[in-house]
Every structure is written in C-alpha cells, then in structure tokens.
Amino acid sequence: MTVSSLVDTDLFRTLLRRHAAAVVVITAPGEPPAGFTATSFTSVSLAPPMVSFCLAHTASAWPAVSTADVVAVHVLTEEQEHVARTFSTRGIDRFAAHGDWERGPGGVPLLNGVLARLVCRVVRRVEAGDHTIVLAAPETGAVHDDLAATPLVYHDGSYTHLRRAA
C-alpha cells in the first residue's frame, strides 16, 4: 500500500474511487422539477428514521433542493444505468428524457421501476465545504416487486452491479 501524508484533491478523489456505493436519483419538486444522480446517499438514524445526501452548490438541481420541503430518493436497479446517466447529464430536460415518472406528494417527481423509493420531508440542511448535507425523514416508501432485483453500484469510476453468491 502506498502511504501519503497529505490528502489533496487528487488523492482524495483517488481514495474515494475505491469506495463502492449504491446509485440513487434524488428528485425535488419545482417548475421545472429537479433531479440528479448521487452516490452520497446514506442512512443516518433508525429512531427516528433519517437519511442524508450531499449536493454541490454549483449543481443545476441545487436551487430546487435548497428550498424543497420534500424530496424523493430512488435506489436504481442494475438495469437502470441509463436512468443514472440521464440524471447526470448536464443541459437537458432530464424528466422529458426519462419519461417514466409521475408527480407525488408535494409535487415531488416519482420515478417508476426503481429498486426502492423513499419520499422524505427535509428536516435540516448543513453547510459542508462546497456542498450541503441534506437530512431528511422518510414519510413513505416502496420496494420493487422482484425481491431478487439488485442495485446499480458505482465503483472505480464506472457503473457495475453485485454478483449474487450461488
């Protein structure tokens, strides 16, 4: 293992590429609605239920997320790499390009066919460098009908999926 004492931006990026993370799309209501692909989603607390995600202040979705009372988190299946790519593409109408969605509580866009979906009430935003950490309390949730479906994963700069043990 190569040891380095100074974690600069390049080394930090290299280190984090070694971390595998589930891929989610987070949506927020608005005109137009906002949505983005993220790997920063995590559970925070079981009692009360709470999750978090991070978003850069320079992200096109930031204005909508910065004022949203409700957001939806969509955990993507391994077959939804195209959805992840659509919601990470700049300069397009992501919802028109995706097409398979409907409005949910508070106008939040809900994507169909995902592995899991949580509709959450935003409870707090915490400034963290050039990002904001959004803390949210799940209010409703749904899971994919096929319990054998597996998540889309991001690792070492590319999308991948989990292999099931035989």
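Heads up: the structure comes first, above all this text.
Rules and cut-offs
- Residues numbered from 1 in each chain as written.
- Predicted model: local features only at pLDDT ≥ 70, side-chain atom pairs only at ≥ 80, totals over all residues.
- Heavy atoms only, no water.
- Helix = DSSP H or I, 4+ residues; strand = E, 2+ residues; numbered from the N terminus.
- Pairing = 2+ DSSP bridges.
- Axes fitted to C-alpha atoms, helices over the stretch in contact; angles between N-to-C directions.
- Salt bridge = Lys/Arg side-chain N within 4 Å of Asp/Glu carboxyl O.
- Buried < 20%, exposed > 50% of the residue type's maximum accessible area, 1.4 Å probe, protein only.

Participant: Sorry, what's going on with unusual backbone geometry here?
Facilitator: Across residues other than glycine, the phi torsion is negative in most instances, and most of the peptide bonds are trans. Omega for the peptide link from Glu-31 to Pro-32 comes to 0°, which places this bond in the cis form. Within the secondary structure, Pro-32 sits in the loop between β2 (24–28) and β3 (34–38). Residue Ala-47 is joined to Pro-48 through a cis peptide bond whose omega torsion reads 0°. Tracing the backbone shows Pro-48 in the loop between β4 (42–46) and β5 (49–56).

Participant: How do you make sense of the pairing of β4 when you look at a structure like this?
Facilitator: For a regular strand, side chains alternate in direction, first toward one face of the sheet and then toward the other. Relative to β5, β4 runs antiparallel, the two being bridged by four bridges. Its bridge partner lying in β5, Ser-45 is registered against Met-50.

Participant: Mind showing me how you'd approach the sheet that holds strand β10 (residues 131–143) here?
Facilitator: In a beta sheet, neighbouring strands pair by backbone hydrogen bonds and run either parallel or antiparallel. Read across the sheet, seven strands follow the order β3-β2-β6-β9-β10-β5-β4 without closing on themselves; strand pairing throughout is antiparallel. Lying at the two open borders of the sheet, with one neighbouring strand each, are β3 and β4. Ignoring strand direction, the axes of neighbouring strands in this sheet form an average angle of 30°.

Participant: Explain the pattern of salt bridges here, please?
Facilitator: Between side chains of opposite charge, a pair can form when the charged atoms approach closely. Under the criterion given, the structure shown has six salt bridges. A salt bridge links Asp-10 to Arg-13, with the shortest nitrogen-to-oxygen separation between them at 3.9 Å. One end of the pair, Asp-10, and the other, Arg-13, are both in helix α1 (residues 9–17), three residues apart, so they sit about a helical turn from each other. Per residue, the accessibility class of Asp-10 equals that of Arg-13, and both read exposed. Across the pair Glu-139 and Arg-121 runs a salt bridge whose closest N-O atoms are separated by 3.0 Å. Of this pair, Glu-139 sits in strand β10 while Arg-121 sits in strand β9 (residues 116–128), and the two are 18 residues apart along the sequence. A single salt-bridge network, built from bridges that share partners, covers Arg-17, Arg-18 and Asp-156.

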